[in-house]
Amino acid sequence: MRVHSNMTDIKTARTIVGAIGNVIAFGLYSAPIPTMVKICKMKSVAEFKPDPYIATVINCMMWAFYGLPFVTPDNILVITNNGVGLAMELVYVIIFFTFATSPVRKKITIAIVIEVLFMAVVVFCTLYFLHTTKQRSMLVGILCIIFNVIMYAAPLTAMAQVIKTKSVKYMPFSLSLANFMNGAIWIVYSCLKFDLYILTKRLPKIQASSVQRSKMTSRRVAKDQMTIALIHNGTSQFTNDITGSLERKGKKGVVSSIKPNLSNIRNKNDKTLKKYIYIKKKEKSNYNMTDTNTARTIVGIIGNVIAFGLFSAPIPTMVKICKMKSVSEFKPDPYVATVLNCMMWTFYGLPFVQPDSLLVITINGAGLVMELVYVVIFFIFATSPVRKRITIAMVIEVIFMAVVVFCTLYFLHTTKQRSMLVGILCIIFNIIMYASPLTVMALVIKTKSVKYMPFFLSLANFMNGAIWIVYACLKFDLYILIPNALGCLSGTIQFILYALYYKTTNWSDDDEDKEKSNLNAEIELSQA
């Protein structure tokens, strides 16, 4: 009981210390806000450089990934700290991008694309090739340390300038104090539950850490000796609880959990020990699966939010149509196409087609309802020929969908076969839908203008593709991975085009240009 009490106290202390660290780190992430305000007022980046913010983006991504439960368990405060930092740094980068010159924009775009690709490779390699949290935390932790060491080049440069000029004008005292407090508080956090990678991040010299580790080892050996004695006590009885852990029962019920260090036990043929080994392997497998499922759910929820934003993009157009009581030059084709796409993906996510894909159903179900509302609005205010065209298209889609459902359920009897057929059809429809973005990209290259390719829509499409790639990798799903990888690639190309042609764009505010921009803003929907 005393051991459990001490563990609870340590966890509570670690949580408090981590929360304080989050507050201090948030203050550090907020430091560039005055600079950003100044840039917005001047509408120019002047002599400011985007390099620190770009570097911090990859650093925050690495540490946020490191803190995930399937990489390093019990590090939620590392995720919150670096997740918030990542969001803030991305805002700073976007502000820089908005007011920077064309060469700087190109530099920012290339850097961010390289960082995202690098991060995708790290995530894939970590989850695909490494199967234990110890291996994963080691790889990601080492990479985090390397990036942090590189980032220390900036403070060293500032210190060298102070020594050279004999002036602390360029080294604010409050910022130095905040950095010192931030490092100190996270050293305490990492020591409460020893984490070499967080500790190295905050303090390169860690001579005192060996003392703490030796104490932890001695306590573990003492506990193992006690539990070994309990195992070999002939009067003890063992049982499995709900979670599968081995427990000793006495006259007054459960006394203690038996968690021996098997390397210290000589008699490997003991039936109780064999049972314990089996239970522990099962527990470990279940724990890893739970972590993966939790992470997949979190990523899927984020993907739902981003995709919902994409489905909401045509709302201003619909409002305009209702006010004018006419569809004007707008076309119903994107909405009619997206209806079929959403129906296919909703059917794909059903448990008798592809199990454990509830979040695919929720977002595409919501998208289907929204797209049907858009089609109805078009139908109400369209001319007779357009109404006829919409009706024919919708009837064909419903008949096609009915045939797919019937063939899938009647002729295919396993989820593997069903998910393969429906998944391939979903990929085909997604590839067809990418014809519209390619048309817009061709228009950008032809006119050397990004006026008809809204930046924030491109960003949302890129983020949507990236988040669903992660979702597909956590529990490997090729049919979700392929179309979203194409979506991510499409978004990357759009970023490059934006960087290349932003300077040559003739920004005009006439109504015709706005209508074209709105029309092109509705072409990339339902990629998940």
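So, here's what we can say about the structure. In this text the structure is predicted, and so the values were computed from the model without any measurement.

### Examining the overall build of the protein chain
Looking only at helices and strands, the protein chain has 20 helices and 3 strands in total. Counting the 528 residues in the protein chain, one finds 43% classified as buried. For the protein chain, the share of sequence-separated contacts (at least 6 apart) that also reach a separation of at least 24 residues comes to 75%. Of the roughly 28800 Å² of accessible surface on the protein chain, a fraction of 69% belongs to carbon and sulfur atoms.

### Comments concerning helix α2 (residues 33-42)
Side chains of residues three or four places apart in an α-helix project in the same direction, reflecting 3.6 residues per turn. Looking only at α2, the buried set comprises Thr35, Met36 and Ile39. In an axial view of α2, the angular spread of the buried residues amounts to 100 degrees, which keeps them on one side of the axis. Of the exposed residues in α2, those oriented more than 90 degrees away from the buried face are Pro34 and Lys41. In the core, the buried residues of α2 are packed alongside α3 (51-66) and α4 (76-99). Positive backbone phi, at 55 degrees, marks lysine 43, one or two positions downstream of α2.

### Some remarks on unusual backbone geometry
Phi is positive for lysine 43, close to 55 degrees, though the residue is something other than glycine. With respect to the helices and strands, lysine 43 occurs in the loop between α2 and α3. Assessed through its relative accessible area of 63%, lysine 43 is described here as exposed. We note that lysine 325 has phi near 60 degrees; this positive angle belongs to a residue other than glycine.

### Regarding the pattern of salt bridges
A complete count under the given rule lists 3 salt bridges for this structure. Close ionic contact of arginine 389 with aspartate 333 constitutes a salt bridge, the shortest N to O distance being 2.8 Å. Within this pair, whereas arginine 389 is found in helix α15 (residues 384-411), its partner aspartate 333 is found in helix α13 (residues 333-348), the two being separated by 56 residues in sequence. For arginine 389, a relative accessible area of 44% puts it in the partly exposed group.

How each quantity is defined
- Residues numbered from 1 in each chain as written.
- Predicted model: local features only at pLDDT ≥ 70, side-chain atom pairs only at ≥ 80, totals over all residues.
- Heavy atoms only, no water.
- Helix = DSSP H or I, 4+ residues; strand = E, 2+ residues; numbered from the N terminus.
- Buried < 20%, exposed > 50% of the residue type's maximum accessible area, 1.4 Å probe, protein only.
- Contact = heavy atoms within 4.5 Å.
- Areas by Shrake-Rupley, 256 points an atom, 1.4 Å probe, with all protein chains shown as cover.
- Arc of directions from axis to C-beta.
- Salt bridge = Lys/Arg side-chain N within 4 Å of Asp/Glu carboxyl O.

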